[in-house]
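# Analysis of the macromolecular model
So the chains spell out like this:
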Amino acid sequence: MAADEEAAHERTHLLARDRRLSSVAHAPEISSLFSKDEQALGETAVGERLPYNDYTTIDWLHDLVKDSYRFRTIHNRKGLRNALVSAFDSCQGWIAAALIGTLTACVAFLVDVAVATVSDWKTGYCSTNWLASREMCCTSKSPFNSSSESCSDWRFWSSNYWHRFGVYVTLAILFGIISSTVTLTTKRALPATAPGSGDKGPPQENNRGDGSGPEDTAPMGKSIYMAAGSGIPEIKTILSGFVIPHFLDLNVLIVKAVGSIFAVSTGMCLGKEGPFVHISTCVSYLVAIQFPKYRDNGRKLREMLSAGCSSGLSVAFGAPIGGVLFSYEEISTYFPRKVLWRAFICSMFAAMTLKALNPTGTGKLVLFETNYGTTYQPYHYVVFVLLGIAGGIFGGVFCKANFFWSRNFRKYSIIKNYPVLEVFLVVLATALLQYPNPLTREPGDVIIKNLLVDCGDHSRREYVCVQEGHAEPTPEYLGWLAYGTLVKLILTIVTFGIKVPSGIIIPALDGGAFFGRLIGQLPFLAGSISPGIFAMVGAGAFLAGVSRMTISLAVIMFELTGELEFIVPNMIGIMVAKWVADALEHNGVYDLAQTVLGHPFLDLDHSIKLVQKDVYLVEELIPPAQTMREITVEVPRSGVVPMAILKEKLHQLQRRGLMDAGLVLTQQGLLQGYLAEGELEFGLDTLGEGFGQGGQVRLLQAEPNMIDQPAQDELDMSHFIDRTPLSICAKAPMEYAVEMFGKLGLRYLCVTEAGSCRLVGVIIKKRLVVWLEERQP
C-alpha cells in the first residue's frame, strides 16, 4: 500500500514536470510578450501578467513583487562585473531624470521662440530677420516697449488701423485652423470603460461598470484627441494607475508642440503651460522606456512619469521648485520620497538648460521679474481677502459654466463632428473682442508682464504706466481694465476644451491680473501701494479658484516675480480663493475635465468623503448573480477544465467591453485564484492554437493524492493564475474597499461571505469608480 502511494506520488511529480516541459513549444510566444521577471513569477503563486492593454489598470502590488525579483537578481550577485551592473541599475533613475529635464527644456526652448515669432506675425515682421520676434528685432536698438512703434526694423503690415485689424484677425484664424487640423491627426479610438459609455461621459442607467447591463447592450468605444487640451486630466488618470495607450508617444509630443505654437499664437485665452506638462510627460515616457527597469514595470514607469512632469511647469514658468510641488499636489497619486528627489533633479536640470538656452533673451529664469520697492500695510490684508473672494467666486462659476458649456454646446452634431468649426468661431470671437483693447492685444504671458509692472519709475513708457501717470486714472483706462477682465473670463469659459493644445493657467492669471490692477485704481488705494501688487495677488487668487492649487501656486507666484516680500499676500489670496471655490463647486477644473472626457479616476480623499455620508457596506458592490455565474469557474480536484467552457467565458467577458475583467476560480465555493482576461485570451488564442474542440486546460495543479493521466491536448495555463488574490468580507465598511483600491493600487478585490469565507463576488476598480460617480451630489 505504501509502495503504491509512493509510486502515485512519484508519478504526480513526473506528470507535473511533463506539463511544464510541454510548454516549451510555446516558448517563443511567451518570451516575446513576457519579461524574464514575469516568467519567473509564473513558477510562484503570483502568476505571470501580460503587458497592460487599452484602458486597463496596472497592478501595483504585482509590479512591486516583480521589481523585487529583478532587484534580487541584479544586486545579490558577486564579482566586479555584477557590482558595476548593480551600480548602474541604482543610478538609472537619476540618469533618466537628468535626461528628461534637459530634453524637456530643449523642446520648451523651441516652442517659446516659435510662439514669440509666429504670434508677432499678426502685427508685422522684422525687416532684418523674418524669424525674429518683435522683441528680439528691437531689443538690440533700444529698450523694447510693447506699445511703442518707434523701432525702425519692425515693419507693421499697414499704417491703417482697419487694415492691421483685418490682417490680425485673418492670421489668427489661419493659425487656429492649422493648430486644430494638426491636433485632429492624433484622434484615436479607445474601448469603453463600461457598456454604452462611448462619448457620452460616465456610464449611465443600468450600465453598472461591471458589465451587468442587458445582454443586447454592445460596448461602444470612445474617441479621444491625444494632443487636444492641456493633457493634465489624462496624465492624472495615467498616474493613478490606468492605461491610455499611445497618449505619450513621440508623434503626440510633436503634434502637441506644433499645435501649441499656433494655438497660443492665435491670441485665444489659452496657454502653453498645461501642454508643457504633457510634453514633459511624453519625454519622460520616451526616456524611461529605454531602460528595461521602467519599460517592463508599470509601477516604476509611473514613478518616473511623476518626476518628469514636474519639469513641464519648471520650463513653462521658470519655476523649478514650483514644478516639483505642482507634480506632488496636483498631478500625482503615488509620490514617495524617492520620486520627490528625482523630480527635484529633473526640474533642476530643466531650469539649468533653459537658462543656458535663454529663449527670452534676458539671461534670467524669472519670467515676470518685478521690483515694487515698497511693502504692504496691515489694512491691505482686507483687500487681499477681497481679491481671494473674487478669485474663488470666479473659480466656482468658471468650473460650473465650463462644465455646462462642454456637456451641452459641444454635444451638437455640427460642433462634435466638425471641431475645426468651433475653433474657427472661438478664434474669430477672440480676435474681434480683444484687438480693440490695447491691453488684450498681446499674447497671454505678455499681458501678465504688462499688468504686473511697477510704474514707480516715471521713465517707463508702457501703456499701463502712461495711463497711470495721470493725476487720476482716465475713464478710458478704467474701462479697458474692466473690459479686459470681463472678456478674459467669458472667453476662457468657452475656450477651455476646444480641440487644440491649450492650458488654463495663463488665462486665469490674465483675468486675475486685470481685476487686481482695476482694484488698485480705487481712490483709497491709489498712491499707497503699487497696483501691480494687487494684480499679482489677484492673478494667483483667480488661478487658485480654478485649479485649487495652494502650496505649489504660492511658490510659483514667488518664482515668477522674484518678490519674496509678497509671499504672505499671495498665500492669503490663494487660500481664501480655494475655500470660496470649494463652497461653490467641490471639483477643480481638471477633475471636471476628467468627468467630461469620461476618464476613470479614483480620487481617494473625495471618495472617502462620499462614503462617509451614509452607512455603506462592501456587499453593495457585489455583481448580480448572472454576472457571477459568467465569471466564476468551478475547478474540479484534478485542476483541469474543458477548453470550450473557457472560450465561452472569454466571449462573455469580451462582450462586456471592460478589458481588465477576469475569471475567478473556486473549488466547492472557496476561492482558489484569479485569471485576468488578457492572460485568458492570450492562452486560448495564442498558446491554445491548434488544440482540438475537446481540448483541456489546466488551471490548477492536481491534489497530491490524485493520479491524473496527462492528455495530449491539454494546455497548461496554471502559470497565469494569481493564487494570492486579496479578499474582503462582504459586511466590511465601504471605506475598507476604497482604502484598499486607493492605497494598494488593486485591479480587483474578491468578496467573501461573512462566517463561511465562501466567494460571493469580485470587484474591479472600474466598478468602484462607477459606483462612486453615481453618488456624486
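Owing to the predicted nature of the structure, the values given are computational and were not obtained by experimental measurement. (Residues numbered from 1 in each chain as written. Predicted model: local features only at pLDDT ≥ 70, side-chain atom pairs only at ≥ 80, totals over all residues. Heavy atoms only, no water.)

With that out of the way, let us pick up the overall build of the chain. Counting its regular elements, the chain contains 32 helices and 13 strands. In the chain, which comprises 777 residues, the proportion classed as buried is 56%. For the chain, the accessible surface area stands at approximately 31,900 Å², while carbon and sulfur atoms represent 61% of it. (Helix = DSSP H or I, 4+ residues; strand = E, 2+ residues; numbered from the N terminus. Buried < 20%, exposed > 50% of the residue type's maximum accessible area, 1.4 Å probe, protein only. Areas by Shrake-Rupley, 256 points an atom, 1.4 Å probe, with all protein chains shown as cover.)

Structural remark: α-helix, 3.6 residues per turn; residues separated by three or four positions point the same way. Of all 8 residues in helix α8 (residues 232-239), 8 are buried, a share of seventy percent or more. All buried positions along α8 are accounted for by Ile232, Pro233, Glu234, Ile235, Lys236, Thr237, Ile238 and Leu239. In this structure, the buried side of α8 is in contact with α4 (60-75), β4 (222-225), α10 (273-288), α12 (298-308), α14 (320-331) and α26 (589-597). Following α8 by one or two positions, Gly241 adopts a phi angle in the positive range, close to 120°. (Contact = heavy atoms within 4.5 Å.)

What follows is about the nonpolar core. Core analysis: the largest hydrophobic core is formed by 124 residues, its most contacted members being Phe317, Phe398, Ile504, Ile505, Leu509 and Val589. If one sorts the elements of this core by residue count, helix α23 (residues 531-547) sits on top with 11 residues. If you count residues domain by domain, this core takes at least three from each of domain 1 (80-135 + 156-193 + 220-357) and domain 2 (378-601). Discounting residues that sit within four places of it in the chain, Ile504 has contacts with Phe398, Thr492, Phe496, Leu543, Val546, Val589 and Tyr590. (Core = buried A, V, L, I, M, F, W, Y, C linked by side-chain atoms within 4.5 Å. Domains from an automatic or database assignment.)

Turning next to the packing of α8 against α26. One way to put it is that α8 packs onto α26 with a least axis distance of 8 Å and a crossing angle of 85°. In terms of orientation, α8 and α26 fall into the roughly perpendicular class. Together, Ile232, Pro233, Glu234, Lys236 and Thr237 of α8 and Tyr590, Asp591, Ala593, Gln594 and Leu597 of α26 make up the contact between the two elements. (Axes fitted to C-alpha atoms, helices over the stretch in contact; angles between N-to-C directions. Parallel < 35°, antiparallel > 145°, perpendicular 65-115°, else oblique.)

Below, the discussion takes up the confidence of the model for the chain. Any segment with low pLDDT has predicted coordinates that should not be analysed in fine detail. Averaged over every residue, the pLDDT of the chain is 83; the share at 70 or more is 85%. Considering only residues more than four positions removed or in separate chains, one finds that residues 1-24, a stretch of pLDDT under 50, has 16 contacts. (pLDDT = per-residue confidence, 0-100.)

We now examine the pattern of salt bridges. Under the defined criterion, the tally for this structure stands at 20 salt bridges. For the salt bridge of Asp89 with Arg70, the shortest nitrogen-to-oxygen distance reads 2.6 Å. With Asp89 in helix α5 (residues 80-120) and Arg70 in helix α4, this pair connects stretches of sequence that are 19 residues apart. With respect to class, Asp89 is no different from Arg70; both count as buried. Between Glu630 and Arg655 there is a salt bridge; the shortest N-O distance is 3.7 Å. With Glu630 in helix α28 (residues 625-631) and Arg655 in helix α29 (residues 643-656), the pair connects residues that are 25 residues apart, well separated along the chain. For Glu630, a relative accessible area of 9% corresponds to the buried category. A single network of salt bridges, built from pairs that share partners, joins Asp67, Arg70 and Asp89. (Salt bridge = Lys/Arg side-chain N within 4 Å of Asp/Glu carboxyl O.)

This paragraph deals with the state of the cysteines. All chains considered together, the criterion is met by 2 disulfides. Each disulfide pairs two cysteine sulfurs, and for Cys126 the partner residue is Cys137, the sulfurs being separated by 2.2 Å. On the S-S bond that ties Cys126 to Cys137, the torsion sits near 75°, and the link is right-handed. Taken together, the residues Cys126 in strand β1 (residues 124-126) and Cys137 in helix α6 (residues 134-139) connect sequence positions 11 residues apart. You'll find Cys126 and Cys137 in the same group, each marked buried. With no disulfide of its own, Cys346 lies closest to Cys309 among cysteine sulfurs, the gap being 8.6 Å. (Disulfide = S-S within 2.5 Å.)

Take the sheet that holds strand β6 (residues 640-642) next. An order of β6-β9-β10 is seen for the 3 strands of this open sheet, with the pairing classed as mixed. A single partner strand is all that each edge strand has here, and the edge strands are β6 and β10 (714-716). Taken over all neighbouring pairs, the strand axes of this sheet differ in orientation by 30° on average, direction set aside. (Pairing = 2+ DSSP bridges.)

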